[in-house]
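Letter by letter, the chains look like this.
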Amino acid sequence: MSANEFYKPVGGILAAELFLTRDLCSMEDLATAQPIAVELVDDGSLYEEHFIQENGLVSVSHTLTLRSDRMLAEEWFSVELMQILAVEGAVARVQMATGEQITIGYSPRMGFNQALRLESLSFSSGEKPCSSPCVELKLHSRDLCSALSNGN
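This one's a predicted model, so the numbers in the text were calculated from it and none came from an experiment. (Residues numbered from 1 in each chain as written. Predicted model: local features only at pLDDT ≥ 70, side-chain atom pairs only at ≥ 80, totals over all residues. Heavy atoms only, no water.)

A.B. asks: Mind showing me how you'd approach the nonpolar core here?
C.D. replies: Looking at soluble globular proteins, one finds that nonpolar side chains tend to be buried together. Ranked by size, the top nonpolar core spans 26 residues in total, and within it Leu-18, Leu-64, Trp-76, Val-94 and Ile-104 carry the most contacts. When residues of this core are traced back to their parent elements, those giving at least two are β1 (13–20), β4 (57–69), α1 (79–87), β5 (90–96), β6 (101–104) and β8 (134–143). With sequence-adjacent residues up to four places away left out, Ile-104 is seen in contact with Tyr-47, His-62, Leu-64, Ala-90, Val-91, Ala-92, Val-94, Leu-116 and Ala-147. Counting eight residues, the second largest nonpolar core, distinct from the first, contains Phe-19, Leu-30, Ala-33 and Tyr-106. (Core = buried A, V, L, I, M, F, W, Y, C linked by side-chain atoms within 4.5 Å. Buried < 20%, exposed > 50% of the residue type's maximum accessible area, 1.4 Å probe, protein only. Helix = DSSP H or I, 4+ residues; strand = E, 2+ residues; numbered from the N terminus. Contact = heavy atoms within 4.5 Å.)

Here it is in structure tokens:
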């Protein structure tokens, strides 16, 4: 069987960097701030955006799910990091498989006030002998802007 040399992924996340909001005063600080970057596994990382209407008001729900190998994601299990992500939050710079780069956790109107915050951190041993153990970090925020069209 021959491999398709022209295959180009159209979905998923290739890479993500997290920047703690405590290290940021403006978006320009992303250029000099030290990111938390963990190598992601090929499948399982995704970004979801949902527009929600409640009582005539529209908001945008952002969920970033990052999946990595257990040994590569040890930094995520830091109790201090989990507390920072839960309370203060982070901004994520995400490289999509489509070639787009988006910034999540910042909006021009709300700044860093609606940053991504820890929703869950989970470990799975895998259900089959050939499954690799993995770690999944899920971050969530809700604001008024799409990360796909906010010009970041």
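A.B. asks: Would you mind showing me how to read the environment of Leu-85 here?
C.D. replies: Here Leu-85 lies in helix α1. Leaving out residues up to four positions away in the same chain, Leu-85 has contacts with Leu-20, Ala-90, Leu-116, Arg-117, Leu-118 and Leu-139.

A.B. asks: For this particular structure, what's the right way to read the sheet that holds strand β2 (residues 36–37)?
C.D. replies: Hydrogen bonding along the main chain pairs the strands of a sheet, whether they run parallel or antiparallel. Pairing within the open sheet is antiparallel, and its four strands lie in the order β2-β1-β5-β6. The outermost strands of the open sheet, each flanked by one partner alone, are β2 and β6. As defined by bridge partners, β1 adjoins β2 across two bridges and the pair is classed as antiparallel. Paired with Glu-17 across the two strands is Ala-37, which belongs to β2. (Pairing = 2+ DSSP bridges.)

A.B. asks: Even after reading the chapter, I still don't get the side chain of Ser-68, so can you show me in this structure?
C.D. replies: With respect to the helices, strands and loops of the structure, Ser-68 is situated in strand β4. Setting aside anything within four residues of it in sequence, one finds Ser-68 in contact with Val-38, Glu-39, Leu-40, Val-41, Ala-73, Trp-76, Cys-134 and Val-135.

By themselves, these are just geometric observations and shouldn't be taken as functional.
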